[in-house]
Amino acid sequence: MKFRSRLVVNLKNLEYNHSQIKAMAPDSNILFMVKADGYGHGMIPIARFAVTELGIKEFGCATISEALKLREELNDLEFDIYVFSDIQLELFENADIYLKRRIIPVISNVSELEYILHTPEFKNFPICLKFNTGMNRLGLDPKETPHIANMIKTHGRTTVHHLISHYANASYPMETNERNIYQRSRFIDIKKYFTDAGITLERTSQSNSGAIEQKIGFKNSGDTHIRPGLMMYGPTSLHSEFSNLGHFQGKVVSRLETYIIRTFEVTAGTPIGYGSTICPHDGIVAVLAIGYGDGFSTRYGGAHLHHKGFTGVITGRVNMDMIQVLFPIEARDHILAHEIFTIWGEQDGDLLKFSEETKTIPYELFCSLLPRIPRVYRLD
Ligand SMILES: Cc1ncc(COP(=O)(O)O)c(C=O)c1O
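Another aspect to go through is the domain arrangement of the chain. As assigned here, the chain comprises domain 1 (11–245) and domain 2 (254–378). One C-alpha centre belongs to domain 1, the other to domain 2, and the line joining them spans 37 Å. Across the contact, 16 residues belong to domain 1 and 13 residues belong to domain 2. Taken together, both faces of the contact between domain 1 and domain 2 bury some 1200 Å²; the carbon and sulfur share is 61%.

Bringing the site of the ligand into the picture now. Near the ligand there are 13 residues, and of these K35, Y39, S209, L230 and Y363 occur at the shortest range. Here an oxygen atom of the ligand and a side-chain polar atom of K35 are 2.7 Å apart. Here G229 contributes a backbone N or O atom positioned 2.8 Å from an oxygen atom of the ligand. The fraction of the free accessible surface of the ligand (400 Å²) that becomes covered by protein chains is 91%. Taking a 2 Å distance to the grid points as the criterion, the majority of the atoms of the ligand fall inside the largest pocket.

Moving on, we get to helix 1 (residues 11–24). Given a rise of 1.5 Å per residue, 14 residues ought to cover 20 Å, and the 20 Å separating the end C-alpha atoms of helix 1 matches this to within 8%. Buried within helix 1 are the following residues: L11, N13, L14, N17, H18, I21 and M24. Down the axis, helix 1 shows its buried residues gathered within 150° of arc, on one side only. Where helix 1 is buried, its residues meet strand 1 (6–10), strand 2 (29–33), helix 3 (43–52), helix 9 (209–213), strand 11 (225–226) and strand 20 (375–378). The opening residue of helix 1, the one whose side-chain oxygen lies 3.0 Å from the backbone nitrogen of K12, is N10.

According to the stated counting rule, one finds 15 aromatic pairs in the structure shown. Three or more aromatic residues joined by ring pairs form one cluster here, namely F32, Y39, F59, F79, Y233 and Y363. Above the face of the F79 ring, R71 is positioned so that its terminal group lies 4.9 Å from the ring centre. Taking NZ or CZ as reference, K251 lies 4.2 Å from the ring centre of Y16, over its face.

All right, on to the environment of G273 then. Note that G273 resides in the loop between strand 13 (271–272) and strand 14 (277–278). C-alpha of G273 to C-alpha of T315: the two residues are 42 residues apart in sequence and 8.4 Å apart in space.

This part covers the layout of surface pockets. In this structure, the largest pocket spans a volume of roughly 600 Å³. If you go around the largest pocket, you meet 28 residues; those closest to its centre are K35, Y39, R137, H166 and N208. Those elements that provide at least two residues to the lining of the largest pocket are helix 2 (35–39), strand 3 (58–63), strand 4 (80–86), helix 9 and helix 11 (362–368). Ranked by residue count, the leading element in the lining of the largest pocket is helix 2, at 3 residues. A per-class count over the lining of the largest pocket returns 15 nonpolar, 9 polar and 4 charged. Considered as a void within the structure, the second largest pocket measures approximately 360 Å³ in volume. Looking at the second largest pocket, it is lined by 16 residues, and the ones nearest its centre are L238, H239, S240, E356 and P362. Listed by contribution, the elements that provide at least two residues to the lining of the second largest pocket are helix 10 (348–357) and helix 11. Tallying contributions element by element places helix 10 first for the lining of the second largest pocket, with 4 residues.

Rules used throughout
Residues numbered from 1 in each chain as written. Predicted model: local features only at pLDDT ≥ 70, side-chain atom pairs only at ≥ 80, totals over all residues. Heavy atoms only, no water. Domains from an automatic or database assignment. Contact = heavy atoms within 4.5 Å. Buried area = accessible area lost by both parts, 1.4 Å probe. Near = heavy atom within 4 Å. Polar contact = N/O pair within 3.5 Å; in protein donor to acceptor, adjacent residues only side chain to side chain. Areas by Shrake-Rupley, 256 points an atom, 1.4 Å probe, with all protein chains shown as cover. 1 Å grid on protein atoms, 1.4 Å probe; cavity = no way out; pocket = protein on both sides within 12 Å on 5 of 7 lines; lining within 4 Å. Sits in = over half its atoms within 2 Å of the grid points. Helix = DSSP H or I, 4+ residues; strand = E, 2+ residues; numbered from the N terminus. Expected span 1.5 Å × (residues − 1). Buried < 20%, exposed > 50% of the residue type's maximum accessible area, 1.4 Å probe, protein only. Arc of directions from axis to C-beta. Phe/Tyr/Trp six-rings, centres within 6.5 Å; stacked < 30°, edge-to-face > 60°. Lys NZ or Arg CZ within 6 Å of the ring centre and 35° of its normal. Points joined across faces, edges and corners; volume = space filled by probe spheres on them. Nonpolar A, V, L, I, M, F, W, Y, C, P; charged D, E, K, R; others polar.

Structure follows, in structure tokens:
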């Protein structure tokens with residue numbers, strides 16, 4: 001049996017992206033975001049490679065179950081795991097998971113902090129705090145900094161393991177965007193307050209991909225860590241109008257491949273597929289083995305795909321298992337059944353063009369792919 005559609009993940013490109021980031025931020029440690037199944041690339045193989053080949057020792061998940069999977073499936077390796085959003089500290093059984101599996105919940109409200117400080121089992125457990133410096137999603141209120149610092153000291157603690165904040169607008173200019181300036185300065189104030197209060201901040205971080213790409217945010221901030229997600233997987237996270245501000249030329253780690261099930265010629269006016277969409281011109285239709293059952297959304301209809309130098313259009317409704325791509329008639333002798341067809345390649349441009357055209361974001365394109373698409377790993 002040959003493959004239908006697959007995501008070919010080239011781990012050498014992950015290595016390349018990592019080396020680019022290290023060159024940009026030589027003094028920063030990397031906390032690598034591998035949530036949402038490694039941004040759709042397969043969290044376990046990605047994290048294993050990151051630990052064993054890249055020396056990364058800290059990972060970010062969104063949920064406790066992601067973190068548990070990471071710990072259980074890579075229990076032969078040493079690394080730290082943070083759970084960022086869905087920490088569910090209110091559930092008794094989760095406390096046990098955090099304690100016994102060495103998973104660090106990122107605390108973003110005072111009641112969670114109270115729980116950690118008051119529960120004897122957590123007496124020596126690392127405290128990781130996330131402040132809302134202006135994203136207005138999760139996070140401790142900076143106005144409560146004195147109260148929080150006081151709580152920590154009252155319980156005889158003198159260190160915070162990791163103090164975190166997160167930029168809302170890192171895809172926009174770091175130097176001039178008001179929200180970015182505001183968030184950066186708030187974080188500096190919070191760090192200063194803790195330090196002045198005699199609390200040691202062992203680790204601090206605020207920068208995600210957009211900030212790292214602009215090389216602003218971690219330089220001179222004194223932060224020990226950066227937290228790249230998307231850029232590790234290759235694409236820029238900068239908005240296209242600000243791409244000139246980026247210093248990062250990543251390689252997209254994945255190639256989404258499918259194959260041509262069959263081709264047939266059509267004349268202008270021929271109705272094809274569900275809903276009988278009318279072909280606007282004579283052409284050749286390639287039926288590809290990918291559809292919304294693979295995570296290839298119906299919203300991708302009308303987008304352009306390329307094969308052997310020809311450009312086709314996804315024509316008619318995206319089906320559960322197939323799409324129809326209409327090519328110009330000149331492609332007749334070139335677009336052949338059974339050929340492998342690349343939806344997005346390793347070239348950044350293809351993925352970004354496709355995401356712009358389909359009004360998605362690269363994050364979403366990656367994360368949308370369903371389990372029916374096998375992930376295949378290469379080192380070329
Ligand atoms: C707390 C936190 N840090 C870092 C990241 C990484 O962001 P990016 O993928 O834009 O680098 C995320 C992603 O959403 C996040 O939630």
